[in-house]
Amino acid sequence: MTSETAARLRARMVAALVERGPIVSRDVRDAFATVPRERFVPEVSAGAAYSVHDALITRRDPDGTATSSVSAPWLQAQMLECARLFRGARVLEIGSGGYNAALIAEIVGPEGLVVTVDIDPFVVERAGRFLAETGYPQVKVVLGDAEEAADEHMPEGGFDAIIVTVGVWDCPWGRLLAQGGRMVVPLRFATITRSITFVRDGDRFPGYEPTACGFVSIQGAGAHAAQEARLAGGAVTLTIEGGPTLDPGALERALHAERTEIWTGVTAANGESFDTLGLRIAATDDRYGQIWPDPVLAADLVQSALRWYCPALITPDGFAYLTIREARAGRAARGGKPGWEFGVFAHGADATGLAEQLAAHVHDWDRHWRSHPGPVFTLYPADATIEPPPAGKIFRKRHTQLVMSWP
């Protein structure tokens, strides 16, 4: 890639991010316009390096699972905007790759502090080398387990911002954050991941701007695997956070047996979000999980409403999941617009019961929660005494408690 080509692609990427909304501030815009993204992902094509929507995998384990990546520009821009960085800010990044740390360094300037931590020696060496080659040798690239590796690098008074660029189930870094500081974290609960901006207020961390996203999972002491059942040779994957142990053999038999179908009569217009549906089910049903069908291999087995993050109820030997079909004549979507009708497909010995219960969740959401604002998130230390929210749930973790409540 010539420098002229890279500059042209970079300018096009920045223009798209400004037009579509992820970039709002001048500082973030200038950082994206300056840092050469292609230098941090030399193994991919020019078009891929500057694709607005695509994350770039830079390392996989022997099984092929991604263990390091450079996030999609739209998400990086949004997280940087949420962090509200400023000249001279002291920033901790959990999960390294180099590019995002360079963007941070551009914004905070030479008077700021940027510490980026990763557990993988390959990633650390690569990030340090790319940062030095592109003019950001002042970034401290630290090899270690993020659970504790950043402690010795905390400045007096704490970091002004912490940006986590790996998917995490828990968040032990609040103690490193200055009062009023902002921590942007892709936090998982009930198999759902939301990038949430937490602002420190004493030992309480109110959350803002939750965004659906996906990240490579953290390794080391912070790793926390959900239950997973891979069916039909990996064509269909079921995930659930807790509950009774799944029986993959029984679930495999259920998948290939006759299914139960229920159509709810609840509709959505084309392009209308129903993101809060899964959150409501997760708040009220411990069987909530997700189904992940391979779009090619599972085409004849599963017809889920969403390719990713599709809500499901999962038991050791059965499951039900959300599906959609084109709204039929006389059953137009809200506002009279063309759209889709929600349905439920279920498999297993209690398929009828599971299907009815998931359909009931859809109806409850439609009647009582669909028009409400989304939930509010607040993070507390694990030992804090918290009253359960009237509408919502407390997700208890090792270091913290995440409260999800509806106004």
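Remember, it's a predicted structure, so these values are computed and weren't measured experimentally.

Cut-offs used in this document
- Residues numbered from 1 in each chain as written.
- Predicted model: local features only at pLDDT ≥ 70, side-chain atom pairs only at ≥ 80, totals over all residues.
- Heavy atoms only, no water.
- Helix = DSSP H or I, 4+ residues; strand = E, 2+ residues; numbered from the N terminus.
- Rg over C-alpha atoms; globule rule 2.2 N^0.38 Å.
- Buried < 20%, exposed > 50% of the residue type's maximum accessible area, 1.4 Å probe, protein only.
- Contact = heavy atoms within 4.5 Å.
- Areas by Shrake-Rupley, 256 points an atom, 1.4 Å probe, with all protein chains shown as cover.
- Lys, Arg positive; Asp, Glu negative; His and termini not counted.
- Charge placed at Lys NZ, Arg CZ, Asp CG, Glu CD.
- Core = buried A, V, L, I, M, F, W, Y, C linked by side-chain atoms within 4.5 Å.
- Salt bridge = Lys/Arg side-chain N within 4 Å of Asp/Glu carboxyl O.
- Pairing = 2+ DSSP bridges.
- Axes fitted to C-alpha atoms, helices over the stretch in contact; angles between N-to-C directions.

Turning our eyes to something else, we now look at the overall build of the chain. When you go through the chain residue by residue, the secondary structure sums to 9 helices and 19 strands. Relative to a compact globule of 407 residues, whose C-alpha radius of gyration would be 22 Å, the chain shows 22 Å and is just as compact. When burial is assessed residue by residue, the chain has 55% of its 407 residues classed as buried. Considering only contacts in the chain between residues 6 or more positions apart, those separated by 24 or more positions represent 59%. In the form shown here, the chain has an accessible surface area of approximately 17800 Å², with 50% of it arising from carbon and sulfur atoms. Taken together, the 39 basic and 49 acidic charged side chains of the chain have centroids lying 5 Å from each other.

To continue, consider the nonpolar core. Burial of nonpolar side chains together is a common tendency in soluble globular proteins. Leu 92, Ile 162, Trp 173, Met 183, Phe 198, Ile 291 and Phe 319 are the most contacted members of the largest nonpolar core, which totals 77 residues. Examining the composition of this core, we find that 8 residues originate from one element, helix α9 (residues 351-369), more than from any other. Setting aside chain neighbours within four positions, we find Phe 319 in contact with Leu 231, Leu 238, Leu 251, Leu 255, Ile 291, Leu 313, Ile 314, Phe 345, Ala 346, His 347 and Leu 354. Core analysis: the second largest hydrophobic core is formed by 44 residues, Ile 23, Ala 83, Ile 104 and Ala 161 among them.

Scanning the entire structure with this criterion turns up 21 salt bridges. Between Arg 204 and Asp 201 there is a salt bridge, and its shortest N-O distance comes to 3.7 Å. Classification of Arg 204 by relative accessible area gives partly exposed; the value is 35%. The shortest N-O distance in the salt bridge between Glu 341 and Arg 325 comes to 3.1 Å. On the criterion of sequence distance, the pair formed by Glu 341 in strand β16 (residues 339-347) and Arg 325 in strand β15 (residues 318-326) is long-range, its members being 16 residues apart. Each of the salt bridges in this network shares a partner with another, and the network as a whole consists of Arg 26, Arg 29 and Asp 30.

Pairing in this open sheet of 7 strands is antiparallel, and the strands run β10-β11-β13-β14-β15-β16-β12 from one edge to the other. Because the sheet does not close on itself, it has two edges, and the strands there are β10 (227-231) and β12 (260-269). Put simply, the sheet's adjacent strands are angled 30° from each other on average, direction ignored. In terms of strand pairing, strand β13 (residues 288-293) meets strand β14 (residues 310-315) through 4 bridges, oriented antiparallel. Bridge pairing in β14 links Ile 291 to Cys 310. Here helix α7 (residues 248-256) sits on the sheet and contacts β10, β11 (236-240), β14, β15 and β16; the angle it forms with β10, its principal contact strand, is near 45°. Strands β12, β14, β15 and β16 of the sheet are contacted by α9, whose axis makes an angle of about 15° with β12.

It is worth spelling out the environment of Val 362 at this point. With respect to the secondary-structure elements, Val 362 resides in helix α9. Val 362 sits 180 residues away from Arg 182 along the chain, and the two C-alpha atoms are 35 Å apart. Once you skip the residues sitting within four places of it in the chain, Val 362 turns out to touch Thr 264, Val 266, Leu 277, Leu 322 and Phe 342.

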